[in-house]
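What follows is each chain in one-letter form.
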Amino acid sequence: MDSPISADENGVKFKPEKMEKEKLYHCIFKNKAMLGFKDSQDVLNCYEIEDLDLVEKIKCCTNSDELEIFFEEYLKSQNLKN
């Protein structure tokens, strides 16, 4: 299946029609992690992460489930509330 978020030399492309609600998607573009998800009201939420350490860890996530687990553990380790 085509990923709902992809990047090429022209930039990042979002395909919200291919997104499942409340599922996190990502891609890497110019050493930045681009995150996106469609919430329960069909609103597209997009985030850009520039922290190189986080980007490297995000690169290791091969699917949405791994990415969500990574962020849950990251929030716990940073003592942050989600």
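What this report covers is the structure whose coordinates are included nearby. (Residues numbered from 1 in each chain as written. Predicted model: local features only at pLDDT ≥ 70, side-chain atom pairs only at ≥ 80, totals over all residues. Heavy atoms only, no water.)

What about the overall build of the protein?
Phase 1 of the analysis: Looking only at helices and strands, the protein features two helices and five strands.
Phase 2 of the analysis: When the helices and strands of the protein are listed from N to C terminus, the series reads β-β-β-β-β-α-α.
Phase 3 of the analysis: The globule rule puts the C-alpha radius of gyration for 82 residues at 12 Å, and the 13 Å found for the protein is close to it.
Phase 4 of the analysis: In terms of overall dimensions, the protein has a C-alpha envelope of 35 × 30 × 20 Å along the principal axes.
Phase 5 of the analysis: Burial status across the protein gives 30% buried among its 82 residues.
Phase 6 of the analysis: In the protein, 21% of the contacts between residues at least 6 apart in sequence involve partners at least 24 apart. (Helix = DSSP H or I, 4+ residues; strand = E, 2+ residues; numbered from the N terminus. Rg over C-alpha atoms; globule rule 2.2 N^0.38 Å. Buried < 20%, exposed > 50% of the residue type's maximum accessible area, 1.4 Å probe, protein only. Contact = heavy atoms within 4.5 Å.)

As for the packing of aromatic side chains
Phase 1 of the analysis: Tallied over the entire structure, the rule returns two aromatic pairs.
Phase 2 of the analysis: Considering the side-chain rings of Phe70 and Phe71, the 5.1 Å spacing of their centres and the 65 degrees angle between planes classify their relative orientation as edge-to-face. Grouping residues by exposure puts Phe70 and Phe71 together as buried.
Phase 3 of the analysis: Residues Phe70 and Tyr74 carry aromatic rings whose centres are separated by 6.1 Å and whose planes lie at 25 degrees to one another, so their mutual orientation is stacked. Residue Phe70 and its partner Tyr74 are located together in helix 2 (residues 64-77), separated by four residues, close to a single helical turn.
Phase 4 of the analysis: On the basis of relative accessibility, which here comes to 14%, the residue Phe70 falls in the buried class. (Phe/Tyr/Trp six-rings, centres within 6.5 Å; stacked < 30°, edge-to-face > 60°.)

Digging into the pairing of strand 1 (residues 5-8)
Phase 1 of the analysis: Pairing between strand 1 and strand 2 (residues 11-14): four bridges, direction antiparallel. Pairing of Ile5 across the sheet is with Phe14, part of strand 2.
Phase 2 of the analysis: Linking two consecutive strands that pair antiparallel, namely strand 1 and strand 2, is a turn of two residues. (Pairing = 2+ DSSP bridges.)

A word on the nonpolar core
Phase 1 of the analysis: The biggest cluster of nonpolar side chains holds 11 residues, and these are Leu24, Ala33, Leu35, Ile49, Leu54, Val55, Ile58, Cys61, Leu67, Phe70 and Phe71.
Phase 2 of the analysis: Mapped onto this core, the elements with two or more residues apiece are strand 4 (32-38), helix 1 (52-59) and helix 2.
Phase 3 of the analysis: In contact with Leu54, not counting residues within four places along its chain, are Ile49, Phe70 and Tyr74.
Phase 4 of the analysis: Ile5, Met19, Tyr25 and Met34 belong to the second-largest nonpolar core, a separate cluster that totals six residues. (Core = buried A, V, L, I, M, F, W, Y, C linked by side-chain atoms within 4.5 Å.)

Some words on the pattern of salt bridges
Phase 1 of the analysis: This structure, assessed with the given rule, holds six salt bridges.
Phase 2 of the analysis: Ionic pairing is found between Lys13 and Asp8, a salt bridge with its closest N-O pair at 3.3 Å.
Phase 3 of the analysis: Assessed through its relative accessible area of 30%, Asp8 is described here as partly exposed.
Phase 4 of the analysis: Taking the shortest distance from any N to any O, the salt bridge between Lys23 and Glu20 comes out at 3.6 Å.
Phase 5 of the analysis: When its relative accessible area of 25% is taken as the criterion, Lys23 is described as partly exposed.
Phase 6 of the analysis: Given a relative accessible area of 47%, Glu20 falls into the partly exposed group.
Phase 7 of the analysis: Three or more residues joined by partner-sharing salt bridges are found here, namely Lys32, Glu48 and Glu50. (Salt bridge = Lys/Arg side-chain N within 4 Å of Asp/Glu carboxyl O.)

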